[in-house]
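Listed below are the residues making up each chain.
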Amino acid sequence: MEMNQEFHVTYFDADCGRARTEVFDTAADAERFASRSMSGEDGWAVVDAVETRQDRLAA
């Protein structure tokens, strides 16, 4: 069993007035998205690193 990591960005979407989450493969991509999401007075974003399990199947 191999452990991987993905990055979840939870942010406020001012267009619809709700919190949303996007998933990224790299921390750099997640941070860039989070920075863009924090525009405006009400903008906020949180980046979480999440471990994922990837089971390998024998070929």
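Rules used in this analysis
- Residues numbered from 1 in each chain as written.
- Predicted model: local features only at pLDDT ≥ 70, side-chain atom pairs only at ≥ 80, totals over all residues.
- Heavy atoms only, no water.
- Salt bridge = Lys/Arg side-chain N within 4 Å of Asp/Glu carboxyl O.
- Buried < 20%, exposed > 50% of the residue type's maximum accessible area, 1.4 Å probe, protein only.
- Helix = DSSP H or I, 4+ residues; strand = E, 2+ residues; numbered from the N terminus.
- Core = buried A, V, L, I, M, F, W, Y, C linked by side-chain atoms within 4.5 Å.
- Contact = heavy atoms within 4.5 Å.

Asker: When you look at the pattern of salt bridges in this model, what are you seeing that I'm missing?
Answerer: Once the charged atoms of two side chains with opposite charge are near each other, the side chains can pair. Evaluation of the coordinates by the stated rule reveals two salt bridges. For Asp-13, the salt bridge identified is with Arg-20, shortest N-O distance 3.0 Å. Under the relative-accessibility criterion, Arg-20 is labelled partly exposed at 37%. For the salt bridge of Arg-32 with Asp-29, the shortest nitrogen-to-oxygen distance reads 2.3 Å. Here Arg-32 and its partner Asp-29 are both found in helix H1 (residues 27-37), three residues apart, which amounts to about one turn of the helix.

Asker: Could you clarify how one ought to interpret the nonpolar core in this entry?
Answerer: Soluble globular proteins tend to pack their nonpolar side chains together in the buried interior. Ranked by size, the top nonpolar core spans eight residues in total: Phe-7, Val-9, Tyr-11, Phe-24, Ala-30, Phe-33, Ala-34 and Ala-45. Where this core is concerned, the elements lending two or more residues are strand E1 (2-13) and H1. Ignoring anything within four residues of it in the chain, the contact list for Phe-24 reads Glu-6, Phe-7, Val-9, Asp-29, Ala-30 and Phe-33.

All we've got here are geometric facts, nothing functional implied.
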